[in-house]
Amino acid sequence: MNRSDLRGVDFKLLVVFETLMQERSVSRAAERLFLGQPATSAALGRLRDVFGDPLLVRTGRQMVPTARALEIYDQLQPALDAISSVLSRTSSFDPSTSEAVFRVGFSDDIEFALLPALLKRLRTEAPGIVLVVRRADFHLMPQLLNTGEITVAAGYARDLPANAKQKTLRHSRAKVLRADGRPGALTLDDYCERPHVLVSFDGDLHGYVDDLLAANGRRRRIVLAVPQFNSLASLLQETDMLATVPDYAADVLAAQGGLRVDELPLERQPSALSMVWQSVYDNDPAERWLRSRIQMMFADDEA
């Protein structure tokens, strides 16, 4: 096929193909593309005619790509990234009049402690936009970025897709929350003897603190695990339980009253809180504006 032959190609079909390859499901691809399932099935049929290959074959509940489909997908993604980048540079963005929909991913501690200030800023500058927030801890963030379900995320990042970019927003330290009135700072013995509340999105009862304690030949006793931060203040009230949380979450919880903040009685290097985004949106004016606001509201003075 030469360049003149491209006039007969519907490039929207290529976006459908990319989404089908990521979702391996016509119904899920249709939902992401805001298309009906019959229209998405019809698009798959046209794609099969264009490439002369079944592309995706149903096996049980999942659609499995053919070898040819995998080959096309590997070559197509960089091309679509390049086209998106070129088109984004020709567009403009006015936050005061925009009705854009932004899809972002935040870990629960960020949604609880940092999102409210960001939202106030966005509502002031861009009252017409829509912000869709997905829960994105370090397990979920790579997948959500890779499938395009979110374009930017903030949290503790690792194992990122190859096409992702990353910027450190702040270095956070762990703090200990408690509701009792016992005088003096917590010692390591106190910390290990007291019962603990753990914020665990997936129900895992082992965290980084437990690794630190094990390295010192110690352990703690977790008596409660909850999936989010917003209930911690009420749960700790009138108990002897402790909760170890990032410093920015500790400040917000303590400001609600009834809690005091202690230093973690263990040596630990600060954790890097990062903003991560898809490289294809690097020069998109709307996404650049959103990232600048996330950095403005989430970053500390050191960053």
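Going by the structure above, here's the rest.
A short tour of the structure in this document, coming up. Remember, it's a predicted structure, so these values are computed and weren't measured experimentally.

1. Notes on the overall build of the chain
For the chain, the helix and strand inventory stands at twelve helices and twelve strands. The principal-axis extent of the C-alpha atoms belonging to the chain is close to 80 × 45 × 30 Å. In the chain, which comprises 303 residues, the proportion classed as buried is 42%. Sequence separation of at least 24 residues holds for 73% of the intrachain contacts in the chain that already meet a minimum separation of 6. Total accessible area computed for the chain in this model is approximately 16200 Å², and 50% of it derives from carbon and sulfur atoms. Averaging the positions of the 36 positive and the 40 negative side-chain charges in the chain gives two centres separated by 3 Å.

2. Some points on unusual backbone geometry
Positive phi, normally seen in glycine, also occurs at Leu55, with a value near 65°. Tracing the backbone shows Leu55 in the loop between α3 (37–51) and β1 (56–59). The phi dihedral of Glu238 is positive, around 60°, even though this residue is not glycine. If you trace the backbone, Glu238 turns up in the loop between α10 (232–236) and β10 (242–246). Using a relative accessible area of 82% as the deciding quantity, one classes Glu238 as exposed.

3. Quick look at the environment of Leu80
Along the polypeptide, Leu80 turns up in helix α4 (residues 67–89). Leu80 sits in the buried class, given a relative accessible area of 12%. Sequence separation of Leu80 and Glu18 is 62 residues, and the distance between their C-alpha atoms is 9.2 Å. Those residues in contact with Leu80, other than ones at most four positions away along the chain, are Leu14 and Glu18.

4. As for the side chain of Ser274
Following the sequence through the fold, Ser274 ends up in strand β12 (residues 271–278). Only 3.0 Å separates the side chain of Ser274 from the side chain of Gln166, close enough to count as a polar contact. Ignoring sequence-local partners within four residues, the contact set of Ser274 consists of Ala153, Ala154, Gly155, Gln166, Lys167, Thr168 and Leu169.

5. Some thoughts on the pairing of strand β7 (residues 174–178)
Among the five residues of β7, five are classified as buried, and the element is accordingly described as predominantly covered. By the bridge criterion, five bridges tie β7 to β10 in an arrangement that is antiparallel. Each bridged residue has a counterpart across the sheet, and for Arg178 the counterpart in β10 is Leu242. Strand direction decides the pairing type here: β7 and strand β11 (residues 260–263), joined by four bridges, are antiparallel. Paired with Val176 across the two strands is Asp262, which belongs to β11.

6. Considering the side chain of Glu149
Here Glu149 lies in the loop between α7 (141–147) and β5 (152–155). Side chain to side chain, Glu149 and Thr147 meet in a polar contact 2.7 Å long.

7. A short note on the sheet that holds strand β3 (residues 101–106)
Strand order in the open sheet formed by five strands is β4-β3-β5-β12-β6, with mixed pairing between adjacent strands. Looking at strand neighbours, the two that pair on one side only are β4 (130–135) and β6 (164–172), the edges of this open sheet. Here the average twist between neighbouring strands, direction ignored, is 20°. Pairing of β5 with β12, which is carried by four bridges, proceeds in the antiparallel orientation.

Quick notes on the rules
- Residues numbered from 1 in each chain as written.
- Predicted model: local features only at pLDDT ≥ 70, side-chain atom pairs only at ≥ 80, totals over all residues.
- Heavy atoms only, no water.
- Helix = DSSP H or I, 4+ residues; strand = E, 2+ residues; numbered from the N terminus.
- Buried < 20%, exposed > 50% of the residue type's maximum accessible area, 1.4 Å probe, protein only.
- Contact = heavy atoms within 4.5 Å.
- Areas by Shrake-Rupley, 256 points an atom, 1.4 Å probe, with all protein chains shown as cover.
- Lys, Arg positive; Asp, Glu negative; His and termini not counted.
- Charge placed at Lys NZ, Arg CZ, Asp CG, Glu CD.
- Polar contact = N/O pair within 3.5 Å; in protein donor to acceptor, adjacent residues only side chain to side chain.
- Pairing = 2+ DSSP bridges.
- Axes fitted to C-alpha atoms, helices over the stretch in contact; angles between N-to-C directions.

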